[in-house]
Amino acid sequence: MLLDTKLPNSLDRHTPLEQQWANPNLLLSQCCGPDLFTPQAQGLVPIARPVFGDLDCTPGQYFSYIVSASGREPESRRFKGRQSAGMTRFVINSASSRSGCAALFEWAAASNIDCDEVLISGAHANSLDYLRRGAADLAAIDAHSWPLLDSRGTTIIGRSTEAPTPPFVMHQHNPIGATWMREALSSAIQQAGASINIAAVIGTNSQTYQPIPAPWSASLPVGASTCCALA
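First, a word on what this report is: a plain description of the structure on this page. (Residues numbered from 1 in each chain as written. Predicted model: local features only at pLDDT ≥ 70, side-chain atom pairs only at ≥ 80, totals over all residues. Heavy atoms only, no water.)

What about the sheet that holds strand E1 (residues 29-30)?
Taken in spatial order, the 4 strands make up an open sheet running E1-E10-E2-E11, and their pairing is antiparallel. Sheet topology places E1 and strand E11 (198-202) at the edges, where each strand pairs with a single neighbour. Strand direction decides the pairing type here: E1 and strand E10 (residues 168-171), joined by 2 bridges, are antiparallel. When the bridges of E10 are listed, glutamine 30 appears paired with phenylalanine 168. (Pairing = 2+ DSSP bridges. Helix = DSSP H or I, 4+ residues; strand = E, 2+ residues; numbered from the N terminus.)

Right under this line is the structure:
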């Protein structure tokens, strides 16, 4: 039995995410795992996470592609044996993004590539534009989003480790209730998920995305959030 609650007629693609997340009437949204631990998202409750049908990885996990501008792949300092004369500029979509931030720093550390400058683009699509314009050298792009973006002029040079897929969330004070929302979401995915390469949804909770200290936080611009889950 559905509660006597007025439901929205369409998706809201215009209200800033921070405002959506703080709204007690928020019915359903999605965020990056580390976003759950930012101040503006304290009222969010993760109810499920997607199983991407287009990625070769563990169900309920995803990864990022490490991308550079075509023809401008940075040389690893592991093989140089000395400090590079030039600068390596990272562009991230958000400081609290697993796919666009933590994944990039994690991969770079494993590849012995140092970060000299961090730029924040606001979106994966914008990060690709930074690479094309020569304003940045490296970016990490959510592999599930990659086919939807304009990747011309860029090249995949690596792949991050896996992490839990971004959670579907609702506000903790929403009157619909997490159980009903999870069932409705699962039903919707069963009917239409194939068209967006989501095979199913599975249960999740905040502990799935528990953040750990970010050793690269000193590289971020002053004032940027340093909350990020590397697991």
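From this point, the narrative continues.
Things to note about the packing of aromatic side chains
Under the criterion given, the structure shown has 4 aromatic pairs. Both rings, one in tyrosine 65 and one in tryptophan 146, keep their centres 5.8 Å apart while their planes meet at 70°; by these two values the pair is edge-to-face. One end of the pair, tyrosine 65, is in strand E4 (residues 64-69); the other, tryptophan 146, is in the loop between strand E7 (139-142) and strand E8 (154-159), and 81 residues separate them in sequence. On the basis of relative accessible area, tryptophan 146 is assigned to the buried category, the value being 14%. Ring centres 5.2 Å apart and planes at 65° place the aromatic pair phenylalanine 90 and phenylalanine 105 in the edge-to-face group. Highlighted residues: phenylalanine 90 in strand E5 (residues 89-92) and phenylalanine 105 in helix H3 (residues 98-110), separated in sequence by 15 residues. Each member of the pair, phenylalanine 90 together with phenylalanine 105, is buried. One aromatic cluster in this structure is built from Phe63, Tyr65 and Trp146. Sitting over the face of the ring of tyrosine 130, arginine 133 holds its NZ or CZ atom 4.9 Å from the ring centroid. One residue, arginine 159, lies across the ring of phenylalanine 63, its end atom 3.6 Å from the ring centre. (Phe/Tyr/Trp six-rings, centres within 6.5 Å; stacked < 30°, edge-to-face > 60°. Buried < 20%, exposed > 50% of the residue type's maximum accessible area, 1.4 Å probe, protein only. Lys NZ or Arg CZ within 6 Å of the ring centre and 35° of its normal.)

A few points about unusual backbone geometry
The backbone of asparagine 112 sits at a positive phi, close to 55°, despite the residue not being glycine. Mapped onto the elements of the fold, asparagine 112 is located in the loop between H3 and strand E6 (117-120). Take asparagine 112: its relative accessible area is 36%, and that puts it in the partly exposed class. Even without being a glycine, asparagine 197 presents a positive backbone phi close to 60°. Secondary-structure assignment places asparagine 197 in the loop between helix H5 (178-192) and E11. Residue asparagine 197 is classed as partly exposed on the basis of its relative accessible area, which comes to 36%.

Some thoughts on the sheet that holds E7
As summarised here, the arrangement of the 3 strands in space is E7-E4-E8, forming an open sheet in which the pairing is antiparallel. Strand pairing shows two members of the sheet lacking a second neighbour, E7 and E8, which therefore form its edges. Direction aside, the axes of adjacent strands within the sheet are offset by 40° on average. Sheet topology note: the E4/E7 ladder contains 4 bridges and is antiparallel. Bridge pairing in E7 places tyrosine 65 opposite isoleucine 141. The sheet contacts of H3 involve E4, E7 and E8, and relative to E7 the element is tilted by about 130°. Relative to E7, helix H4 (residues 124-132) is tilted by about 145°, and along the sheet it contacts E4, E7 and E8. (Axes fitted to C-alpha atoms, helices over the stretch in contact; angles between N-to-C directions. Contact = heavy atoms within 4.5 Å.)

With respect to the side chain of histidine 124
Along the polypeptide, histidine 124 turns up in helix H4. Within the structure, histidine 124 has its side chain in polar contact with the side chain of serine 99 (distance 3.2 Å). Among residues more than four places away in sequence, those in contact with histidine 124 are Asn93, Ser99, Gly100, Ala140, Ile141, Asp142 and Leu149. (Polar contact = N/O pair within 3.5 Å; in protein donor to acceptor, adjacent residues only side chain to side chain.)

What about H4?
Residues three or four positions apart in an α-helix share a direction because the helix packs 3.6 residues into each turn. Residues His124, Ser127, Leu128, Tyr130 and Leu131 constitute the buried set of H4. For H4, the buried positions fall inside an angular range of 155° around the axis, keeping them on one side. After H4 finishes, the residue glycine 134 shows a positive phi value of roughly 80°. (Arc of directions from axis to C-beta.)

Concerning the pattern of salt bridges
Here the structure, examined in full by the defined rule, presents 4 salt bridges. Ionic pairing is found between arginine 98 and glutamate 106, a salt bridge with its closest N-O pair at 3.3 Å. On the accessibility criterion, glutamate 106 (23% relative accessible area) is partly exposed. Across the pair aspartate 150 and arginine 152 runs a salt bridge, and its minimum N-O distance is 2.9 Å. By relative accessible area, which is 64% here, arginine 152 ends up exposed. (Salt bridge = Lys/Arg side-chain N within 4 Å of Asp/Glu carboxyl O.)

Purely geometric stuff here, so don't read any function into it on its own.
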